Amino acid sequence: MQQYDEALFEYYQIPRKYEFLIPSFLSDAQIDLIMLMGHEIMEHEQLVGLIHEKMSFQVSFPDRFIADSYHDTILDKVISEEGKLCYKLGEFYNRIACCARYEYDKWVLLDEKVRFELDQYILSEYLARGVDETITQCMNGGIDPKGRINEFIDLEDAKNIIDHASAYVFQFRCDCRSYVHRCDNPLDNCIHFGKPHINSPADRGHGKRLTKEEAFEVCRQANKHGLMQNFELHSGGICNCCACCCIPIRTSIIKGSNHIWPIPKAFIEIDQGKCIKCGKCVKICHFGALSKEKGQDSPVVYDKEKCRGCTLCYPNCPSEAIKLVDKREVKYQNLDEDH
Ligand code: SF4
Ligand code: SF4
Ligand code: SF4
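Residues numbered from 1 in each chain as written. Chains lettered and ligands numbered in written order. Predicted model: local features only at pLDDT ≥ 70, side-chain atom pairs only at ≥ 80, totals over all residues. Heavy atoms only, no water.

**Structural notes on helix H4 (residues 44-54)**
Along an α-helix, residues three or four apart share an orientation, since each turn contains 3.6 residues.
Consideration 1: For H4, every residue scored as buried is listed here: Leu47, Val48, Gly49, Leu50 and Ile51.
Consideration 2: Check the buried side of H4 and you find it contacts helix H3 (28-37), strand S1 (42-43), helix H5 (62-71), strand S2 (75-79) and strand S3 (85-89). (Buried < 20%, exposed > 50% of the residue type's maximum accessible area, 1.4 Å probe, protein only. Helix = DSSP H or I, 4+ residues; strand = E, 2+ residues; numbered from the N terminus. Contact = heavy atoms within 4.5 Å.)

Spelled out as structure tokens, the structure:
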């Protein structure tokens, strides 16, 4: 195996155990750039000079190389104290998500075991980077509105949120499902709002801009497909999630934060008189909160303890036998701000 300079691990924050992934995730030119930049923060012109004078690889179009390196999360943008746009190195953690989402041809070449391992690594980092703290706070009875709150919403909320949001609406690829594809649910259904800020996927050139109508249609179709709508105010987005891949939902299962984080939208009641016992709700619920004995006439049984209040079963019941109870209002303020 090729030996890498110790500084590469430090500069690009590559965990030692992932040394074997370096050739899959970084080109030789990108490694050269990382080694030359180190911890420096550079203005665009300085960076162009460095690429011209010091790189051992011939880069004919430095502007293009810088843009591509930013696109691929090798570089991050930073605003200097004087208000100037500068660049610094990104980090390996973000490179994993970028690769899984947008460099699929490269990603699928990784051994399946490695993809599972990276999925676990992302989950543990997700917890360590503020979510563990937020969930623990919520479980102790305090909700910091600036914390990383996740809440289940229904389609009506999704419509209201989208209507109240900034005119900048983007559709991105779901990273959680891109890591190991535990299910075959659609991938392009993360909706984000707000003018792209530096280091956001949209600013890096990923995703697709949608109209508000298109954004709501993505949510509606996802709901029909059996995906739950999950609102993240801190990141200004609506995610359309399954429970098998979704890192926030898997995190909540690990933390045992049922009924607390994600915040439930509502619980349900079943009108057995209206129920035609089709079993659709049993199949669609991700948490086994609905069950039905074999046999056409056996009733659907609801277990509120297992229910997470996602409301997914409600619009998918063909005979309107499901009613939402204890509905929580979702706050729509500040959605037009840039996140
Ligand atoms: S939170 Fe949900 S939609 Fe968003 S990336 Fe994860 S699974 Fe995909
Ligand atoms: S989806 Fe509706 S009608 Fe079908 S079993 Fe569930 S509650 Fe009954
Ligand atoms: S029973 Fe609860 S958790 Fe299951 S789909 Fe319905 S609302 Fe969601």
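**Remarks on the pattern of salt bridges**
Consideration 1: One pass over the structure, following the stated rule, counts 22 salt bridges.
Consideration 2: Between Glu91 and Arg129 there is a salt bridge; the shortest N-O distance is 3.1 Å. Within this pair, whereas Glu91 is found in the loop between S3 and helix H6 (92-102), its partner Arg129 is found in helix H8 (residues 112-139), the two being separated by 38 residues in sequence.
Consideration 3: Judged by relative accessible area, which is 15%, Glu91 ranks as buried.
Consideration 4: Judged by relative accessible area, which is 34%, Arg129 ranks as partly exposed. (Salt bridge = Lys/Arg side-chain N within 4 Å of Asp/Glu carboxyl O.)

**Notes on the pairing of S3**
Consideration 1: In terms of strand pairing, S1 meets S3 through two bridges, oriented antiparallel. Across the sheet, Met42 pairs through a bridge with Tyr87, a residue of S3.
Consideration 2: Sheet topology note: the S2/S3 ladder contains five bridges and is antiparallel. Looking across to S3, one finds that Lys77 is bridged to Tyr87.
Consideration 3: Counted between consecutive antiparallel strands, the loop separating S2 from S3 contains five residues, among which Gly83 sits at a positive phi close to 85°. (Pairing = 2+ DSSP bridges.)

**A word on the layout of surface pockets**
To find leftover empty space, a probe the size of one water molecule is rolled over the atoms.
Consideration 1: Taken as a whole, the largest pocket spans an internal volume of roughly 1200 Å³.
Consideration 2: Along the walls of the largest pocket sit 47 residues, with Arg101, Arg148, Asp175, His192 and Pro201 positioned nearest its centre.
Consideration 3: Counting only elements with at least two residues in the lining of the largest pocket, the list comes to H6, H8, strand S5 (169-172), helix H10 (175-180), strand S6 (190-193), strand S9 (237-241) and helix H12 (247-255).
Consideration 4: In terms of residues, the lining of the largest pocket owes the most to one element, H6, which gives six residues.
Consideration 5: Partitioned by chemical class, the residues of the lining of the largest pocket number 24 nonpolar, 13 polar and 10 charged.
Consideration 6: When residues of the lining of the largest pocket are sorted by domain, at least three fall in each of domain 1 (6-90) and domain 2 (108-339). (1 Å grid on protein atoms, 1.4 Å probe; cavity = no way out; pocket = protein on both sides within 12 Å on 5 of 7 lines; lining within 4 Å. Points joined across faces, edges and corners; volume = space filled by probe spheres on them. Nonpolar A, V, L, I, M, F, W, Y, C, P; charged D, E, K, R; others polar. Domains from an automatic or database assignment.)

**A word on the domain arrangement of the chain**
Consideration 1: In terms of domain boundaries, the chain breaks down into domain 1 (6-90) and domain 2 (108-339).
Consideration 2: Here the C-alpha centre of domain 2 lies 35 Å away from the C-alpha centre of domain 1.
Consideration 3: Across the boundary between the two partners, domain 1 contributes 16 residues, which contact 12 residues of domain 2.
Consideration 4: Between domain 1 and domain 2, a total of about 1100 Å² is buried, with carbon and sulfur atoms accounting for 58% of that surface.
Consideration 5: It is Tyr18, Tyr70 and His71 in domain 1 that bury the most area against domain 2; as a group they hold 45% of the surface buried on that side.
Consideration 6: Between domain 1 and domain 2 we count three salt bridges in total.
Consideration 7: Viewed at the interface, domain 2 and domain 1 are joined by nine residue pairs in polar contact (both at pLDDT 80 or more).
Consideration 8: With five residues, S2 is the largest single contributor of residues to the side of domain 1 that touches domain 2.
Consideration 9: Grouping the constituent residues of the side of domain 1 that touches domain 2 by class yields 10 nonpolar, three polar and three charged. (Buried area = accessible area lost by both parts, 1.4 Å probe. Polar contact = N/O pair within 3.5 Å; in protein donor to acceptor, adjacent residues only side chain to side chain.)

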